[in-house]
Amino acid sequence: MNAYDNFKKLHAQEAPLLLPNAWDALSALILEQAGFKAIGTTSWGMANSLGYQDGEMISFQACLSIVEKMMAVVSIPVTVDIESGFAETNDEIIDNVITLANLGVVGINIEDSFKPFASHLADSVEGGLKDTAAHGELIKSIRSGLDDAGYQDFFINARIDAYFHAKDPLQETITRGSYYIASGASGIFVPGMIQSDDIKAVTRSIAAPVNVMSLPALTDISQLQDLGVKRFSIGNALSDLTIAFIEHTASTLLKQSNTAALYQNPAFNTQVSTVFKVNASV
């Protein structure tokens, strides 16, 4: 079974695919060693790892460099969050997607909202949702470009940001989701959607895998299975927790002038064992 078939099968199983999100090669490798069957990237975590905020503040080349390092050390399917495409034109976005496909990536997330903090948009865009038809045309063009390049099974996960921007997010999500699937998307991703009734309405209305994201009020995978969800992304929560741990520990070390805190965490022995495995496998 090739990586594309494997990734597609993970979306067809009864239980939702629990997809962790890595931000560098080490986090990707540790997630694979933990037993996860596929990995997504977190644009938030990747940007943070380079000292930037999320929102296409890093370049596509910077993103690509991290993905290349991940691909070099893991063997499970990897799908990449490309935000709004890291480009100004559809042709450039398509080129970016083909570049990732050539690298061995099995899929992407691409979202339908503008990036108000991105350098190429800051002077002209205040943020918000893109035109549905225009974004659908982009998805159609990406699919066509992938098909022409021999990547017919590449997974296009169309992220819908209605729950961040729309007055009626449920109806907007269903409308956009149906349009994007008809345009060639493989599935839809709806971050911010947490209400069970909304989730059920979307999964019943969209004839494709529906992906939601972990939030403090949305954590129970068994509940999501009952609602028809096929993919559950951890998002930036794990990278945020890692950063918070480093911040807290660094503050403690400085305040106490003592390194004992480095050895008192119950996860320490497991962490050391994992690092040794990483070093031995590279």
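Predicted model only: the values in this text are computed from it and were never measured.

Visitor: Is there a simple way to explain the pairing of strand 4 (residues 78-81) in this structure?
Guide: Two faces, one strand: in a regular strand the side chains alternate between the faces of the sheet. A two-sided burial pattern is seen for strand 4, the buried positions comprising Val78 and Val80 on one face and Thr79 and Asp81 on the other. Pairing of strand 3 (residues 39-41) with strand 4 involves two bridges; the strand directions are parallel. Of the residues in strand 4, the one forming a bridge with Ile39 is Val78. Assessed by its sense of winding, the connection that carries the chain from strand 4 through helix 5 (residues 90-103) to strand 5 (residues 107-111) is right-handed.

Visitor: It is not clear to me how the environment of Asp81 should be interpreted in this structure. Could you clarify?
Guide: On the secondary structure map, Asp81 appears in strand 4. Since its relative accessible area comes to 9%, Asp81 is described here as buried. In sequence terms Asp81 and Gly107 are 26 residues apart; their C-alpha atoms lie 8.7 Å from each other. Sequence-distant contacts of Asp81, that is, excluding residues within four places in its chain, are made with Thr41, Ser43, Phe86, Asn109 and Glu111. Here the side chain of Asp81 touches Glu83 through a polar contact of 2.8 Å, landing on its backbone nitrogen.

Visitor: What's the story with the nonpolar core in this structure? I'm lost.
Guide: Soluble globular proteins: nonpolar side chains tend toward being buried together. Among the nonpolar cores identified, the biggest contains 67 residues, and Leu100, Ile142, Leu146 and Phe154 are the most heavily contacted of them. For Ile142, the contacting residues outside a window of four places in its chain are Ile93, Ile94, Val97, Ile110 and Ile156.

Quick notes on the rules
Residues numbered from 1 in each chain as written. Predicted model: local features only at pLDDT ≥ 70, side-chain atom pairs only at ≥ 80, totals over all residues. Heavy atoms only, no water. Buried < 20%, exposed > 50% of the residue type's maximum accessible area, 1.4 Å probe, protein only. Helix = DSSP H or I, 4+ residues; strand = E, 2+ residues; numbered from the N terminus. Pairing = 2+ DSSP bridges. Right-handed = clockwise from strand over helix to strand, strands pointing away. Contact = heavy atoms within 4.5 Å. Polar contact = N/O pair within 3.5 Å; in protein donor to acceptor, adjacent residues only side chain to side chain. Core = buried A, V, L, I, M, F, W, Y, C linked by side-chain atoms within 4.5 Å.

That is the geometry; function is a separate question.
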